[in-house]
Amino acid sequence: IVTGTHTYAEEATYATSIAVTDVGSSTAIVAGSADIADAPLVAQAPLTIKPTEGNAFTGTVGSFADGNPGATTSDFHAIITWGDGSTSAGIVSGPVGGPFIVTGTHTYAEEATYATSIAVTDVGSSTAIVAGSAYVEVITTTTLSSSITNKAIDFIATVSPSDGGGGVNFFTSFDGNSPTPIS
C-alpha cells in the first residue's frame, strides 16, 4: 500500500501516477485519477434588515462561508429575493477564504415584514440559500411650530406618517406660570 497527501486548490478530476522503484532499480508506474468535489457553501445566521418605506436601502443582506480556504469573491454569483416579488444581483465581498457578505440595494413600496433570501452559487456549482427578513417601517415626520403673543408661548407638534395618512397634533400653551394643555 502506498499512501500520501496533497491539497487540491479547486474541484476537478486530476490525473495521478505513482512510481515505485525497488532496491534493484526496477520501476512500476500505476496511473489513476483523483475526483475532487467542490467544497460546500454554508449559509450563516439569518439577518433582519430594517429599511424604510419608499427609500432605497443599501447594505448587507446576508453572509456565507465556503469550505475552500482559497475561495475569492470572483468565485460567486448571488441573487437576492427581496420578498416583495423583486430580485436583484447581490455583491459578494470578503477576504480570501471568507467569510463572505452579500450586499444589495432595494426600495420597498409598502411597510410590512418580508422574507428575504439569497441564492449563492460558486464556480464549482455548490449552492447555498441564505435566509433573512426585511422589517420595512413607515417614515414619520415631526413638525414643530411656536408663536409668542403677550408673554404666552404656544407650541404645536404634528406627527404624520410618510404614506400620507392623517397626522396627530399636540398643542400646549405656556403663559409664564405653567404649561397648559389645550384639547
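Residues numbered from 1 in each chain as written. Predicted model: local features only at pLDDT ≥ 70, side-chain atom pairs only at ≥ 80, totals over all residues. Heavy atoms only, no water.

1. Concerning the nonpolar core
Counted only if it meets this: Residue types Ala, Val, Leu, Ile, Met, Phe, Trp, Tyr and Cys, when buried and joined through side-chain atoms within 4.5 Å, form a set referred to as a nonpolar core. Here's how the labels work: a residue is buried when its accessible area is under 20% of the maximum for its type, exposed when over 50%, partly exposed in between, all with a 1.4 Å probe on protein chains only. Contact between two residues is taken to exist if any of their heavy atoms lie within 4.5 Å; hydrogens are not considered.
In terms of nonpolar packing, the biggest core is built from 21 residues, with Phe64, Phe76, Trp82, Val92, Val102, Ile118 and Val120 touching the most fellow members. Leaving out residues up to four positions away in the same chain, valine 102 has contacts with Gly59, Thr60, Val61, Gly62, Phe64, Ala78, Ile80, Gly90, Ile91, Val92 and Ile118.

2. A closer look at the sheet that holds strand β6 (residues 76-81)
To keep things clear, this is the line we draw: In this scheme, strands are said to pair when DSSP sees at least two bridges between them. A helix here means a DSSP run of H or I that spans at least four residues, while a strand means a run of E at least two residues long, and both kinds are numbered starting from the N terminus. Axis definition: a line fitted to C-alpha atoms, limited for helices to the stretch in contact. Angles are taken between N-to-C directions and run from 0 to 180 degrees.
Taken together, the eight strands give an open sheet; going across it, the order is β3-β5-β8-β7-β6-β9-β10-β4, and neighbouring strands pair in mixed fashion. The strands lining the two open edges of the sheet, one partner per strand, are β3 (41-43) and β4 (47-49). Ignoring strand direction, the axes of neighbouring strands in this sheet form an average angle of 35 degrees. The pairing of β3 with strand β5 (residues 56-66) spans three bridges and is antiparallel. If you follow valine 42 over to β5, its bridge partner there is alanine 65.

3. Considerations on the pairing of strand β8 (residues 100-107)
Side-chain alternation along β8 places Phe100, Val102, Gly104 and His106 on a buried face and Ile101, Thr103, Thr105 and Thr107 on a face that remains uncovered. Bridge count for β5 against β8 is eight bridges, and the pairing is antiparallel. Paired with glycine 59 across the two strands is glycine 104, which belongs to β8. As judged from the three bridges shared by strand β7 (residues 87-93) and β8, these two strands associate in the antiparallel manner. Along β8, the bridge assignment pairs isoleucine 91 with threonine 103.

4. Some words on the side chain of serine 133
Inspection of the secondary structure assignment puts serine 133 in strand β10 (residues 127-136). Since its relative accessible area comes to 18%, serine 133 is described here as buried. In contact with serine 133, other than residues within four places in its own chain, are Leu47, Thr48, Ile49, Tyr114, Ala115 and Thr116.

5. With respect to the packing of aromatic side chains
How we decide: Between 30 and 60 degrees the pair is tilted, below 30 it is stacked and above 60 it is edge-to-face, where a pair is any two Phe, Tyr or Trp rings, Trp via its six-membered ring, whose centres lie within 6.5 Å.
Per the stated rule, a full pass over the model turns up six aromatic pairs. Relative to phenylalanine 76, the ring of phenylalanine 64 lies with its centre 5.0 Å away and its plane at 75 degrees, an arrangement referred to as edge-to-face. One end of the pair, phenylalanine 64, is in strand β5; the other, phenylalanine 76, is in strand β6, and twelve residues separate them in sequence. Judged by its relative accessible area of 0%, phenylalanine 64 is buried. Ring centres of tyrosine 108 and tyrosine 114 lie 4.8 Å apart, and the angle between their planes is 25 degrees; on these two criteria the pair is classed as stacked. Assessed through its relative accessible area of 14%, tyrosine 114 is described here as buried. Members of the aromatic cluster, connected to one another through ring pairs, are Phe64, Phe76 and Phe100.

6. Observations concerning a nonpolar patch on the surface
Let me state the cut-off plainly: Like charges within 9 Å and nonpolar side chains (Val, Leu, Ile, Met, Phe, Trp, Tyr) within 5 Å are joined into patches, using only residues over 30% in relative accessible area that form no salt bridge. Surface accessibility in these figures is a Shrake-Rupley result with a 1.4 Å probe; residues are shielded only by whichever protein chains are displayed. Each salt bridge in this description consists of a side-chain nitrogen of Lys or Arg and a carboxyl oxygen of Asp or Glu lying within 4 Å of one another.
Together, Val2, Ile18, Val20 and Val30 give the surface a local cluster of nonpolar side chains, amounting to about 320 Å² of exposed area. Checked against the element boundaries, valine 30 lands in strand β2 (residues 27-36).

7. Regarding empty space enclosed by the protein
Defined as follows: Using a 1 Å grid laid over the protein atoms alone, points where a 1.4 Å probe fits but cannot get out form a cavity; open sets with protein on both sides within 12 Å along at least 5 of 7 lines form a pocket; any residue with an atom within 4 Å of a point counts as lining. Grid points are joined across faces, edges and corners, and a volume is the space filled by probe spheres set on the points. Amino acids outside the nonpolar list (Ala, Val, Leu, Ile, Met, Phe, Trp, Tyr, Cys, Pro) and the charged list (Asp, Glu, Lys, Arg) are all regarded as polar, and Gly is one of them.
Per the stated rule, a full pass over the model turns up one cavity of 30 Å³ or more. The calculated volume of the largest cavity comes to roughly 40 Å³. Every residue along the wall of the largest cavity is listed here: Glu10, Glu11, Asp38, Asp66, Asn68, Asp75, Asp122 and Val123. The residue makeup of the lining of the largest cavity, split by class, is one nonpolar, one polar and six charged.

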